[in-house]
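Working through the structure, step by step
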Amino acid sequence: MNPEPDAARIAAAVRIAPGVTGLHGGRFGEIATLDPPRRIAGVRVRDEDVTIAVTTRYPLVAADVAAAVRTAAAVAGRPVHVVIADLAEPAGAAPEIPAPEIPGQVVAAQEKERVS
């Protein structure tokens, strides 16, 4: 069995599924289909099953994302395992980085509030 055409089709369909921001090859690149000279990361097609690993945006409902991925993959006759491997930041959100506390600043701010 040559899984490359199925893996390429699945990858293309899943990339545009609702809630999916991209495919993810897994921590060690283990979720992939090899068909020299190509390697399709994020989709592993085997005779017995298909595994698809995705990156999605926070917040999410995992069951909804998994259902969307399974629908987009449209694989018949094999179980489809969906792995939410990573979360992307919400669109337009900047990471919140707390300012470091310096003991002198805390005391000065408390005195300033007391005087006001």
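Here we summarise the structure given alongside this text.

Scoring rules and cut-offs
- Residues numbered from 1 in each chain as written.
- Predicted model: local features only at pLDDT ≥ 70, side-chain atom pairs only at ≥ 80, totals over all residues.
- Heavy atoms only, no water.
- Patch = residues over 30% accessible without salt bridge, like charges linked within 9 Å, V, L, I, M, F, W, Y side chains within 5 Å.
- Areas by Shrake-Rupley, 256 points an atom, 1.4 Å probe, with all protein chains shown as cover.
- Salt bridge = Lys/Arg side-chain N within 4 Å of Asp/Glu carboxyl O.
- Buried < 20%, exposed > 50% of the residue type's maximum accessible area, 1.4 Å probe, protein only.
- Helix = DSSP H or I, 4+ residues; strand = E, 2+ residues; numbered from the N terminus.
- Contact = heavy atoms within 4.5 Å.
- Core = buried A, V, L, I, M, F, W, Y, C linked by side-chain atoms within 4.5 Å.

Quick look at a nonpolar patch on the surface now. Taken together, the side chains of Tyr58, Ile84 and Leu87 present a nonpolar region at the surface, about 290 Å² in accessible area. For Ile84, a relative accessible area of 30% corresponds to the partly exposed category.

Below, the discussion takes up the side chain of Thr56. Within the secondary structure layout, Thr56 lies in strand E5 (residues 50-57). Excluding residues that lie within four positions of it along the chain, Thr56 makes contacts with Gly19, Val20, Thr21, Val65, Ile84, Asp86, Leu87 and Ala88.

Within the largest apolar cluster, 20 residues are counted, with the highest numbers of intra-cluster contacts made by Ile10, Val14, Leu23, Val43, Ile52, Val54 and Val69. Broken down by element, this core gets its largest block of residues, 5 residues, from helix H2 (residues 62-73). Residues within four places of Leu23 in sequence aside, it is in contact with Ala11, Val14, Arg15, Ala41, Gly42, Val43, Ile52, Ala53, Val54 and Thr55.

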